[in-house]
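So the chains spell out like this:
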Amino acid sequence: MKKILMLLMFLVVAVNIAFFTRGAIGKADNEDTVQFINEWMRNDNGTFATYLKETIEKDEDKVQGREALSESLGLWMLYAIENDDEAMFEERFRLLKTYFMTGEGFISWKLPETGESDVQTNALIDDLRIYKALILAYRQWGATEYLTAADKVGTFLGSNLIYQSVLVDFYDRFYDYQTQTITLSYLDPEAIKMLEQHGHITPSSYKKMTALLQEVPLKNGFYPKSYNVQTKKMVFDEEINLIDQLLVAINRSQLDFNSDELLIFIKKELEQRGVLNGRYSITTRSPMVAYESPAIYGFVILYAIEIKDRELALQAYQRMIDFRVNRSKFRGAYSINEDQNTHIFDNLVPLLAIQKLKNAQWIS
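Calculation rules
Residues numbered from 1 in each chain as written. Predicted model: local features only at pLDDT ≥ 70, side-chain atom pairs only at ≥ 80, totals over all residues. Heavy atoms only, no water. Patch = residues over 30% accessible without salt bridge, like charges linked within 9 Å, V, L, I, M, F, W, Y side chains within 5 Å. Areas by Shrake-Rupley, 256 points an atom, 1.4 Å probe, with all protein chains shown as cover. Salt bridge = Lys/Arg side-chain N within 4 Å of Asp/Glu carboxyl O. Helix = DSSP H or I, 4+ residues; strand = E, 2+ residues; numbered from the N terminus. Buried < 20%, exposed > 50% of the residue type's maximum accessible area, 1.4 Å probe, protein only. Arc of directions from axis to C-beta. Contact = heavy atoms within 4.5 Å. Phe/Tyr/Trp six-rings, centres within 6.5 Å; stacked < 30°, edge-to-face > 60°. Lys NZ or Arg CZ within 6 Å of the ring centre and 35° of its normal. pLDDT = per-residue confidence, 0-100. Pairing = 2+ DSSP bridges. Axes fitted to C-alpha atoms, helices over the stretch in contact; angles between N-to-C directions.

1. Describing a nonpolar patch on the surface
Link 1 in the chain: Nonpolar side chains collect at one region of the surface, where Phe170, Phe174, Tyr175 and Tyr177 lie side by side and expose about 480 Å² of accessible area between them.
Link 2 in the chain: In this fold, Tyr177 is placed in strand E6 (residues 177–178).
Link 3 in the chain: Given the relative accessible area of 38%, Tyr177 is considered partly exposed.

The following block contains the structure:
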């Protein structure tokens, strides 16, 4: 009888420990991250702040703490599609229509906290992400308003961001000016193919852009940052951004082009050092900064899924979730720094990466 009582007491204690531990730590999954962003990174009008805390930047081209980005909105929309959450997508779509997008299809790349923007420039990478999300949402749920909005965005891009048959980085409405440069990481082949299929760009334009991705040169194993359409020259940075490199690799993989040298570099870094840093010297291939980023590992996951490398995806996943807060009021957040701040990009990219891992059935 004494043994039975002791066993029952042990079970009661174990259950209580499990209960209170779960309450303190949480599920530490996407649900917690979504809850964190909704609770802590929403402005009063519902738009999503870039930083958890207010910050002040003197340069107007830099993002203030509570400003909202079209980048964030596009990532949210893609996540909602991957998660098959039409209600979430619809709510983000309303934010797009209300605050970011004009009737002609122009999308402001950033908004102030109030939502009343006088920004006159867009950002191609964000526009393509939103355009693709709208087309995918129409295919997934059949709402014609998504297709109508996508056609407006596509028409604007085809009319204002094509220079010598190539999409370029941005268009300034105030000066009626388009740059002559395309950042290679912006060239999402899936989105560009959709533009062609819906008549917003020509087949020859699509072929020219995919040829840039196919024929892109390497310098010491790294890709160029951009291509100057006017001079027809590739431009390399001396300090390469690893996220840009990964996006180029993802874009190439969608066209069945390999990025073996970058893949070998990433695997070697993870094997020998256990980390991936944000920036590297193109000359020495050594890190130029000490910081890591959960977004970097998120893009490694997205790349690994594209090339069907499960081992690499799970390795990056394990490192990525080391940045996730499993305790405190910020449970589910990524990369809360010593100033109690975080960037929404470092939270949205992991959200998308984890959902894609689940859809691939590589994690439960």
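Read on, since the account is not over.
2. Focus on helix H12 (residues 310–320)
Each α-helix turn comprises 3.6 residues. Residues three or four places apart therefore point the same way.
Link 1 in the chain: All of the buried residues in H12 are Leu312, Ala313, Ala316, Tyr317 and Met320. End-on, the buried residues of H12 take up no more than an arc of 135 degrees, which puts them together on one face.
Link 2 in the chain: The elements touched by buried residues of H12 are helix H10 (260–272), helix H11 (294–306) and helix H13 (345–359).

3. Here's the deal with the packing of aromatic side chains
Link 1 in the chain: Counting across every chain of the model gives 15 aromatic pairs.
Link 2 in the chain: Taking the centre distance of 4.9 Å and the plane angle of 75 degrees together, the rings of Trp40 and Phe330 count as edge-to-face. Here Trp40, found in helix H2 (residues 30–40), pairs with Phe330, found in the loop between H12 and H13; they are 290 residues apart in sequence, far enough to count as distant.
Link 3 in the chain: Classification of Phe330 by relative accessible area gives buried; the value is 6%.
Link 4 in the chain: Ring-pair connections join several aromatic residues into one group, and the members of that group are Phe89, Phe93, Trp141 and Tyr146.
Link 5 in the chain: One Lys or Arg, Arg173, reaches over the ring of Phe106 and ends 3.9 Å from the middle of that ring.

4. Things to note about the confidence of the model for the protein chain
Link 1 in the chain: Per-chain confidence: the protein chain averages 92 in pLDDT, with 91% of residues scoring 70 or above.
Link 2 in the chain: Ignoring residues within four places in sequence, the model shows residues 2–27, a span with pLDDT below 50, making 15 contacts including any to other chains.

5. Points about the sheet that holds strand E8 (residues 226–228)
Link 1 in the chain: As summarised here, the arrangement of the three strands in space is E7-E8-E9, forming an open sheet in which the pairing is antiparallel. Lying at the two open borders of the sheet, with one neighbouring strand each, are strand E7 (181–183) and strand E9 (233–235). Taking the axes of each pair of neighbouring strands and ignoring which way they run, one obtains an average angle of 25 degrees across the sheet.
Link 2 in the chain: As paired strands, E7 and E8 are joined by three bridges and run antiparallel to one another. When the bridges of E8 are listed, Thr183 appears paired with Ser226.

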